[in-house]
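# Analysis of the macromolecular model
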Amino acid sequence: MISISGLIGQIFAIALALLLAPVLSGWVGQCRAWFQNRTAPPLLQPYYMLHKLFHKDVVLAHGASSLFRSAPFVVFGCMVLACAIIPALSTDLPLAPAADALALVGVFGLARVFISLAAMDVGTSFGTLGGRREMLVGFLAEPALLMVIFTLAMIAQSTSVTTIVETLAHREFLVFPSLAFAGIAFTMVSLAENARVPVDNPATHLELTMIHEAMILEYSGRHLALIEWAASLKLYAYSCLGLALFFPWGIAEGERFSGLLLAIPMLVLKLAIGGFLLAGIETINAKLRIFRAPEFLGTAFMLAVLGLLVRLMLEGSA
Amino acid sequence: MFLADDFPIDFTLQPGVGAPVWRGNAPSGEDLKDFAAATHLAAGRLCAMWGSDERQRGGGYRLHCVFGLNRGHAWLSLDLSADDPVYPDLAGIFPAANRMQRATRDMVGIASDGGDQRPWLRHGAWPADWYPLRHDAVHEVGMGVGFPNLPSDYDFVQVGGEGAHEIPVGPIHAGIIEPGHFRFSVVGERVLRLEQRLGYQHKGVEKLFIGADIERGARLVGRISGDSTCAYAWAYADAVEAACGIEASSRALLLRALMLERERVANHLGDLGALGNDAAFAFGLTQFLRLKEDWLRLNAEVFGHRFMMDRIVPGGVAVNVEPAALAAIVEQCAVIGSEVKKLRTLYDEHAGLQDRFVTTGTIDAALARELSLTGIGARATGMILDGRAHRHDYTPPPPWAALGVRPVTDERGDVAARVAVRFGEISESLRLLREIAVGMPSGELRVAIAPRAGGSGLGVVEGWRGEVLVAVRFGDDGKLARVHPHDPSWQAWPALEHAVMKDIVPDFPLINKSFNLSYSGADL
């Protein structure tokens, strides 16, 4: 069943994700700096970080168990798998049947469980604090994300990500109101899941306000590099998922190799615009008081449910 | 004469042009305690407390307390015997006395007769029966001869109950800030209690003053808390001038006011940016930092130092300001004023920021008064307490009296109030700066000053953070025998413990920043 071109496309998609994800993070950082009238760090700054971290020794806490050491690899693996099954460039992905949209949510959940457990493993108060907050955000974000996926699955009559994308790409500008609700909900969930403002602040140095950063305070060296890379991959995965679901134009279909040539510049352009908008959102917003995060994610959930209801009641068998 | 006529204490007014200070000796510990209680009843406050070793001058030890009353400051001393230096515990009347009493015990070895006896500044770096500020406490500074580092257990107050646990934070923090330990007792995210342990910045400043001359003392006092260098230098200059019977010229006083207000604006600009940043609104930080940088560059141009260190000296000022520089200051005030106005609108209308600021970290006026709070924190509860401004029964010292300073207050007592007070004080300071620059008289910059053997004085200056006090006493050799600098952070740190109590853990950095207290100034 796996064609040669499919296999090449799959490997290419993973390699591109690994290479492009840190650039996307660097691009968001650059845009943030410009919005704030600061001199921006270089686009490849995340690469320099990774290079530095991979060359540093790992310092382990005395109480660290094997869970602590293995978590970075599990998290990294989860994010690579997620990037592999999200049709960023082409819907011809041999790995796609391995996990549908629901399982994709599970893959993200698995990574979350491991990083949270690892944060609590060494027994510092900040790790526990961060792990606890991450779980709070996670268990509110996941249902909202699932609702978004249900809406899309009903449109495509399938929970397979590639089928959804293929269906949506062929709808020829037929506007589904349900998609608007789902799109806003997805954006909100993405902000929370990727530890961005207004839910978390990736640039903070205040240990008491951190969520994601608090969990990884004890990590160093290659472990930290993997976690940072995984965080970039997660942002990339969510961005590509959002682009594939809501702006699927330009994604190559079937086994046509030439489609990739168009798909790559389209993807880069869309990611650049998305990163720019993300930096804009992060610049104009302040961070929410942490007990407002449930309200924020509750709103996302409500919007997703509205999308589902609109789909069921108004769009019917469209 | 202060509170009632029947106090057995004679007060005399300290000479000089500084803030009004009355001095007296309490005949006994009971009289001191009575005076403290009467001050408390009169809504006064405890401003500072320190001890001195008078054994070389034929006495025992001496406890010094400065009380803040409506008309001015009362500096009360109490002689203690050399054998049993114990005085009545004032922490029951003024909670602010707690840490000052403990620090006094650590430094001089005179103790209160009750209450909290845990060490405060001594972290095990020297033995419990060795007191650095006693004249016979010989310590080879810089010779590498020290004491072995002793373990120091500290009894934090424990909070029990279902789900209650502790979060220890610091003394080393994730950001580049000063060291201090915060022990949170929490249930989930809710803070039940915060207990601070400070003293990590202790570097023996008071010991360094002993035996120094006026010049060296001036340099040292300007380095106790770098962000308040002008306030400290002015308070020290006032104290030394009062001790030596010298008065600075009106031109020098106005130049000091110019520098103090520039220091205030610089710090408020930085704090407002940092407050935005702590709510993840980094745009605010970069904008305010840009304004602060422009401000500091003009400082460097006009005064030769970005923070105006060593520019205020006993006898006057060490720098002349030409008319062209004054014009540049006036011009900059207009530019900064309009930019700050825009940013204030941005802060005020930003829903996310206001949601973080409003009702966060609240203290009310009654609590602020109870804790002897001064400065921004006190004015943000609605208290009209500003050493530069007229109030009932109080006339500020020159040059403030003629300038007519309008104190900025806000009733709310939360982070938003402290932000609003900072904004208000920036515009008031800009107005003052223009007024000072336009009406600068000619006159002597600096008068010669000679130490008066045995003389002593107290200087009080309204710094940007609050009331800065410096007490000075000369020895018989004309060198400094004892200098005690007091930072407003002493009173404000406990207020922070109260402010965070009804809030949640992730709001602490914001509340902390809204006070922005000095570690170095209080750890000495």
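The rules we used
Residues numbered from 1 in each chain as written. Chains lettered and ligands numbered in written order. Predicted model: local features only at pLDDT ≥ 70, side-chain atom pairs only at ≥ 80, totals over all residues. Helix = DSSP H or I, 4+ residues; strand = E, 2+ residues; numbered from the N terminus. Rg over C-alpha atoms; globule rule 2.2 N^0.38 Å. Buried ≥ 20, exposed ≤ 12 C-beta atoms within 10 Å, placed from the backbone. Contact = placed C-beta atoms within 7 Å. UniProt positions renumbered as here; feature names shortened; annotations may be inferred. Nonpolar A, V, L, I, M, F, W, Y, C, P; charged D, E, K, R; others polar. Core = buried A, V, L, I, M, F, W, Y, C linked by C-beta atoms within 7 Å. Domains from an automatic or database assignment. Axes fitted to C-alpha atoms, helices over the stretch in contact; angles between N-to-C directions. Left-handed = near helix turned anticlockwise from the far one by under 90°. Pairing = 2+ DSSP bridges. Parallel < 35°, antiparallel > 145°, perpendicular 65-115°, else oblique. Expected span 1.5 Å × (residues − 1).

Once that is clear, we can look at the overall build of chain A. Counting secondary structure elements, chain A contains eleven helices and zero strands. If you list the helices and strands of chain A from N to C, you get α-α-α-α-α-α-α-α-α-α-α. At 19 Å, chain A has a C-alpha radius of gyration in line with the 20 Å of a compact globule built from 318 residues. Its C-alpha atoms give chain A principal-axis dimensions of about 60 × 45 × 40 Å. For chain A, the proportion of its 318 residues judged to be buried stands at 51%.

Check the secondary structure of chain B and you find 16 helices and 15 strands. Once the C-alpha set of chain B is aligned to its principal axes, its extents read approximately 70 × 65 × 55 Å. Residue pairs in contact within chain B that sit at least 24 positions apart in sequence constitute 67% of those at least 6 positions apart.

Moving on, we come to the UniProt feature "domain: NADH:ubiquinone oxidoreductase 30kDa subunit" (unreviewed entry) in chain B. Cross-referencing UniProt, the feature "domain: NADH:ubiquinone oxidoreductase 30kDa subunit" (unreviewed entry) maps to residues 41-137 of chain B in the present numbering. Structurally, residues 41-137 of chain B is divided into 13% helix and 30% strand, and its ends, taken at the C-alpha atoms, are 39 Å apart.

With 23 residues of chain A at the interface, the matching set in chain B holds 25 residues. Along the lines of polarity and charge, the residues of the side of chain A that touches chain B split into ten nonpolar, nine polar and four charged.

With that settled, the discussion passes to the UniProt feature "transmembrane region" (unreviewed entry) in chain A. Residue and element names in this part refer to chain A. Residues annotated by UniProt as "transmembrane region" (unreviewed entry) correspond here to residues 70-89, 101-120, 140-161, 173-192, 235-252, 259-281 and 296-314. The distance from the first to the last C-alpha atom of residues 70-89 is 31 Å, and the span holds 80% helix and 0% strand. The distance from the first to the last C-alpha atom of residues 101-120 is 29 Å, and the span holds 100% helix and 0% strand.

This brings us to the nonpolar core. Ranked by size, the top nonpolar core spans 263 residues in total, and within it A:Ala144, A:Ala185, A:Ala304, B:Ala235, B:Tyr236 and B:Val470 carry the most contacts. Of all the elements, helix 9 (residues 221-246) of chain A adds the most residues to this core, at 17 residues. Taken domain by domain, the makeup of this core includes at least three residues from each of domain 1 (12-112) and domain 2 (205-523) of chain B. With residues near it in sequence (within four places) discarded, A:Ala185 still touches A:Ala144, A:Met147, A:Val148, A:Ala300, A:Leu303, A:Ala304 and A:Gly307.

All names here are of chain A. Across the interface, helix 5 (residues 125-156) lies against helix 6 (residues 161-169) with an axial gap of 9 Å and an inter-helix angle of 65°. Considering the relative orientation of helix 5 and helix 6, their crossing is left-handed. Along its contact with helix 5, which presents Leu152, Ala153, Ile155 and Ala156, the element helix 6 presents Thr163, Ile164, Thr167 and Leu168. Considered class by class, the residues forming the contact of helix 5 with helix 6 number six nonpolar, two polar and no charged.

For the rest of this paragraph, the subject is the sheet that holds strand 15 (residues 480-486) of chain B. Backbone-to-backbone hydrogen bonds join strands into a sheet, with any given pair of strands oriented parallel or antiparallel. Residue and element names in this part refer to chain B. Here we have three strands laid out as an open sheet, ordered 13-14-15, and antiparallel in their pairing. Edge strands, defined here as strands with exactly one partner in the open sheet, are strand 13 (456-462) and strand 15. Neighbouring strand axes in the sheet, compared pairwise and without regard to direction, differ in orientation by 10° on average. Examined bridge by bridge, strand 14 (residues 467-474) and strand 15 share six bridges and lie antiparallel to one another. Looking at strand 15, one finds that Val470 is bridged to Pro485.

Residues and elements named next belong to chain B. Inspection of the secondary structure assignment puts Glu195 in strand 10 (residues 190-197). As a C-alpha pair, Glu195 and Gly454 span 259 residues in sequence and 40 Å in three-dimensional space. In contact with Glu195, other than residues within four places in its own chain, are Phe156, Val157, Arg183 and Glu497.

This part takes up the pairing of strand 10 of chain B. All names here are of chain B. As paired strands, strand 9 (residues 181-187) and strand 10 are joined by seven bridges and run antiparallel to one another. Of the residues in strand 10, the one forming a bridge with Arg183 is Glu195. Linking strand 9 to strand 10, which pair antiparallel, is a turn of two residues; within it Gly188 sits at a positive phi near 65°.

Residue and element names in this part refer to chain B. On the basis of which strands lie adjacent, the open sheet formed by three strands has the order 8-9-10 and antiparallel pairing. Of all strands in the sheet, those with a lone pairing partner are strand 8 (164-169) and strand 10, marking the two edges. Pairs of neighbouring strands in the sheet enclose a mean axial angle of 20°, with direction left out of account.

Peptide bonds are mostly trans, and most non-glycine residues show a negative phi. Residue and element names in this part refer to chain B. In the segment running from Gly170 into Pro171, the intervening peptide bond is cis, with an omega of 10°. By secondary structure assignment, the location of Pro171 is in the loop between strand 8 and strand 9. At the junction of Pro398 and Pro399, the peptide bond is cis and its omega measures out at 5° in the coordinates. Here Pro399 lies in the loop between helix 11 (375-379) and helix 12 (400-403). Within the chain, Asn516 stands out as a residue other than glycine whose phi angle is a positive 45°. Assignment of secondary structure puts Asn516 in the loop between helix 15 (508-515) and helix 16 (520-523).

For the rest of this paragraph, the subject is the packing of helix 1 (residues 4-35) of chain A against helix 9 of chain A. Residues and elements named next belong to chain A. Where helix 1 contacts helix 9, the axes come no closer than 8 Å and their chain directions differ by 90°. It follows that helix 1 is roughly perpendicular to helix 9 by the angle criterion. Of the residues in helix 9, those touching helix 1 at Ala17, Leu20, Ala21, Pro22, Leu24 and Ser25 are Trp229, Ser232, Leu233, Leu235, Tyr236 and Ser239. The residue inventory of the contact of helix 1 with helix 9, partitioned by class, reads nine nonpolar, three polar and no charged.

Turning our attention to the environment of A:Gly29. All names here are of chain A. Mapped onto the fold, Gly29 is located in helix 1. Overall, the presence of 20 C-beta atoms within 10 Å leaves Gly29 in the buried class. In this structure, the C-alpha to C-alpha distance between Gly29 and Ala203, residues 174 residues apart in sequence, is 9.6 Å. Apart from the residues within four sequence positions on either side, Gly29 is in contact with Pro41 and Gln45.

With that settled, consider the pairing of strand 15 of chain B. Along strand 15 of chain B, seven of the seven residues are buried, which leaves the element largely enclosed by surrounding structure. Counting the residues that bridge the hairpin from strand 14 of chain B to strand 15 of chain B gives five residues, and of these B:Gly478 lies at a positive phi of roughly 80°.

A few words now on the domain arrangement of chain B. Residue and element names in this part refer to chain B. Parsing chain B into structural domains produces domain 1 (12-112) and domain 2 (205-523). With centres defined by C-alpha atoms, the gap from domain 1 to domain 2 works out at 25 Å. Each side of the interface is counted separately: domain 1 has 27 residues, and domain 2 has 31 residues. Breaking the side of domain 1 that touches domain 2 down by element, the ones donating at least two residues are strand 3 (45-53), strand 4 (61-68), strand 5 (73-80) and helix 2 (97-108). Considering every element that reaches the side of domain 1 that touches domain 2, the biggest residue donor is strand 3, with six residues. Taken together, the residues that form the side of domain 1 that touches domain 2 break down as 16 nonpolar, eight polar and three charged.

When the terminal C-alpha atoms of helix 1 of chain A are compared, their 45 Å separation across 32 residues agrees well with the 46 Å that a helix rising 1.5 Å per residue should span. A:Asn37 lies just past helix 1 of chain A and shows a positive phi near 65°.

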